[in-house]
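# Structural overview
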Amino acid sequence: NAGVTQTPKFQVLKTGQSMTLQCAQDMNHNSMYWYRQDPGMGLRLIYYSASEGTTDKGEVPNGYNVSRLNKREFSLRLESAAPSQTSVYFCASSLQGSWNSPLHFGNGTRLTVT
Amino acid sequence: GENVEQHPSTLSVQEGDSAVIKCTYSDSASNYFPWYKQELGKGPQLIIDIRSNVGEKKDQRIAVTLNKTAKHFSLHITETQPEDSAVYFCAASNRDSSYKLIFGSGTRLLVRP
């Protein structure tokens, strides 16, 4: 049981480049999330998927797109990376909404945009 | 929307002492308050949570208290150990927006041996 797996672990991009962060969970969870973590700002929700086939914006969705590929996988895409998107990105999953079930986080992707 | 403030940002205690981390929230509709612990290089992990129908919850050396009137809640760690050193995050949500868990800015706890 790997839990939540994120790839890659590290990435360096130049401004304007695009990339997709991958996330997969093997816990048969219905809901998946993407957060970013910046110093002094905690974790901020980018997008979430309450269930397979649905996605919704979180607190800071601008500059990002997501795809819930199937029940297991939820990807985050940066179409044109900017230095302000330098951050650590965490994917998480939960059986239901966070009110009923805890979030399980992956170990993060550290992204640097130069 | 909800806003969660967390204090202090860093906390250093001697092994065996107690540590207290405090959070305030803005949305009176919030009724679920989890605490997550993040160790170096890892993702956060839930350690304890409380719902608004109770004022206190304990799990061994960890306790959380909630004051709904003042809209604040606190994490208490007693008999701290070096392995308690980590970053701790409080968070808040409610049933109607249960997918939007709003986190505080985090507290880096250092337990000195």
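Residues numbered from 1 in each chain as written. Chains lettered and ligands numbered in written order. Predicted model: local features only at pLDDT ≥ 70, side-chain atom pairs only at ≥ 80, totals over all residues. Heavy atoms only, no water.

### Some points on the overall build of chain A
A count of helices and strands for chain A gives zero helices and 11 strands. Listing the helices and strands of chain A from first to last along the sequence gives β-β-β-β-β-β-β-β-β-β-β. Here the C-alpha atoms of chain A give a radius of gyration of 13 Å, agreeing with the 13 Å that 2.2 N^0.38 yields for 114 residues. Expressed along its principal axes, the backbone C-alpha trace of chain A runs to roughly 40 × 25 × 25 Å. In chain A, which comprises 114 residues, the proportion classed as buried is 51%. Excluding contacts between residues fewer than 6 apart, the proportion of contacts in chain A whose partners are at least 24 apart in sequence is 55%. Accessible surface for chain A amounts to roughly 5,100 Å². Of this, 48% is attributable to carbon and sulfur atoms. Both charge centroids of chain A, one from 10 positive and one from 7 negative side chains, sit 6 Å from each other. (Helix = DSSP H or I, 4+ residues; strand = E, 2+ residues; numbered from the N terminus. Rg over C-alpha atoms; globule rule 2.2 N^0.38 Å. Buried < 20%, exposed > 50% of the residue type's maximum accessible area, 1.4 Å probe, protein only. Contact = heavy atoms within 4.5 Å. Areas by Shrake-Rupley, 256 points an atom, 1.4 Å probe, with all protein chains shown as cover. Lys, Arg positive; Asp, Glu negative; His and termini not counted. Charge placed at Lys NZ, Arg CZ, Asp CG, Glu CD.)

### Re unusual backbone geometry
Note the cis peptide between T7(A) and P8(A), where omega equals -10°. Of note, P8(A) is situated in the loop between strand 1 (4–7) and strand 2 (10–13). Residue P8(B) follows H7(B) across a cis peptide bond; omega there is -5°. Take P8(B): it is sitting in the loop between strand 1 (4–7) and strand 2 (10–14). Positive phi values are uncommon outside glycine, yet N28(A) reaches one of about 60°. Tracing the backbone through its elements, the reader meets N28(A) in the loop between strand 3 (19–25) and strand 4 (31–38).

### Comments concerning the pairing of strand 3 (residues 19–25) of chain B
Working note: regular strand, side chains alternate between the two faces of the sheet. All names here are of chain B. Of the two faces of strand 3, only the one carrying A19, I21, C23 and Y25 is buried; V20, K22 and T24 on the other face are not. When strand 1 meets strand 3, the two strands line up antiparallel, connected through four bridges. Along strand 3, the bridge assignment pairs H7 with K22. Of the strand pairs in this sheet, strand 3 and strand 8 (residues 72–77) are connected by six bridges, and their pairing is antiparallel. (Pairing = 2+ DSSP bridges.)

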